[in-house]
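# A look at the structure
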Amino acid sequence: MSEQIEIVDAPEARRFEARVDGALAGFADYRDRDGVRAFPHTEVDPSFGGRGIGSRLVDEALRATIAAGMRIRPQCSFVRARVESDEFAAHVV
């Protein structure tokens, strides 16, 4: 049986969360201000490492940010690395 990976926005916690079979596997914190969403911290539980969950989490968080009409301010190193992709680069401040 394959695992179910779900990425959800948890606005009350100001973060996107990655859940694997319902368990919290990681999160990407964000702060919104003046049409810009800053991403100060991303973390994936080491027990879920090596499965691409962090990349999927951040990519989906960035796509949701763009879809909401917001710009991206990458503060954590993981998000900075992901926004170098052509898909996201034009949306960075």
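First things first, this report covers the structure right here in the doc. Along each chain, the written sequence defines residue order, and numbers are assigned to residues from 1. Totals for whole chains, interfaces and linings use every residue, but because this is a predicted model, local features are given only for residues with pLDDT of at least 70 and side-chain atom pairs only at 80 or more, for both listing and counting. To get the side-chain values, all heavy atoms of the structure are used, and hydrogens and water are removed first.

### Some details on the pairing of strand β3 (residues 23–33)
Judged from the 6 bridges that link them, strand β2 (residues 15–20) and β3 form a sheet pairing that is antiparallel. From the neighbouring strand, V20 faces β3, where its bridge partner is A23. Two strands qualify as a pair provided that DSSP identifies no fewer than 2 bridges between them. Helix and strand assignments follow DSSP, with helices taken as H or I runs no shorter than four residues and strands as E runs no shorter than two, numbered in order from the N terminus. The pairing of β3 with strand β4 (residues 36–44) spans 7 bridges and is classified as antiparallel. Counted as the bridge partner of D32 is R37 from β4. Two successive antiparallel strands, β3 and β4, enclose a turn made up of 2 residues, where D34 displays a positive phi of approximately 50 degrees.

### Some words on the nonpolar core
Of all hydrophobic cores here, the largest spans 19 residues; its most connected members are F16, F39, I53, L57, L62, V79 and V83. Of all the secondary structure elements, the ones that give two or more residues to this core are β2, β3 and α1 (53–67). At 5 residues, α1 tops the list of elements feeding residues into this core. Two residues form a contact once any of their heavy atoms are found within 4.5 Å. Residues in contact with L62, not counting those within four places in the same chain, are F39, I72, V79, R82, V83 and F88. In this description, a nonpolar core means a group of buried Ala, Val, Leu, Ile, Met, Phe, Trp, Tyr and Cys residues linked to one another through side-chain atoms lying within 4.5 Å. Relative accessibility thresholds used throughout: buried, under 20% of the residue-type maximum; exposed, over 50%; partly exposed, between the two (1.4 Å probe, protein chains only).

### What about the packing of aromatic side chains?
Two rings from Phe, Tyr or Trp (for Trp, the six-membered ring) form a pair when their centres sit within 6.5 Å of each other. Planes less than 30 degrees apart are called stacked, planes more than 60 degrees apart edge-to-face, and all others tilted. For the structure on display, the rule yields 2 aromatic pairs. Seen from their ring centres, F16 and Y30 are 5.3 Å apart, and the 50 degrees between their planes marks the pair as tilted. Of this pair, F16 sits in strand β2 while Y30 sits in strand β3, placing them 14 residues apart in sequence. You'll find F16 and Y30 in the same group, each marked buried. Feature note: the residues F16, Y30 and F39 constitute an aromatic cluster, connected by ring pairs. Its end group placed over the ring of F27, R15 keeps NZ or CZ at 4.6 Å from the ring centre. Working rule: Lys NZ or Arg CZ, within 6 Å of ring centre, within 35 degrees of ring normal, means a charge sits over the ring.

### Some points on the sheet that holds strand β1 (residues 5–10)
In space, the 5 strands of this open sheet follow the order β1-β2-β3-β4-β5, with mixed pairing throughout. Only two strands of the sheet have a single partner each, and these edge strands are β1 and β5 (71–74). Strand-to-strand twist across the sheet, computed as the mean angle between neighbouring axes with direction ignored, equals 25 degrees. Looking at chain direction, β4 and β5 are connected through 4 bridges and run parallel. In the strand pairing of β5, R37 is matched with I72. Whenever a helix is involved, its axis is fitted only over the stretch in contact; in every case the axis is a line through C-alpha atoms, and angles between N-to-C directions fall within 0 to 180 degrees.

### Details of the environment of H41
Within the fold, H41 resides in strand β4. It is 22 Å that separates the C-alpha atoms of H41 and D86, two residues lying 45 residues apart in sequence. Within polar-contact distance, the side chain of H41 engages the side chain of E43 at 2.9 Å. Any pair of N or O atoms that falls within 3.5 Å is considered a polar contact. Within protein, one atom must be able to donate a hydrogen and the other to accept it, and sequence-neighbouring residues count only if both atoms are side-chain atoms.

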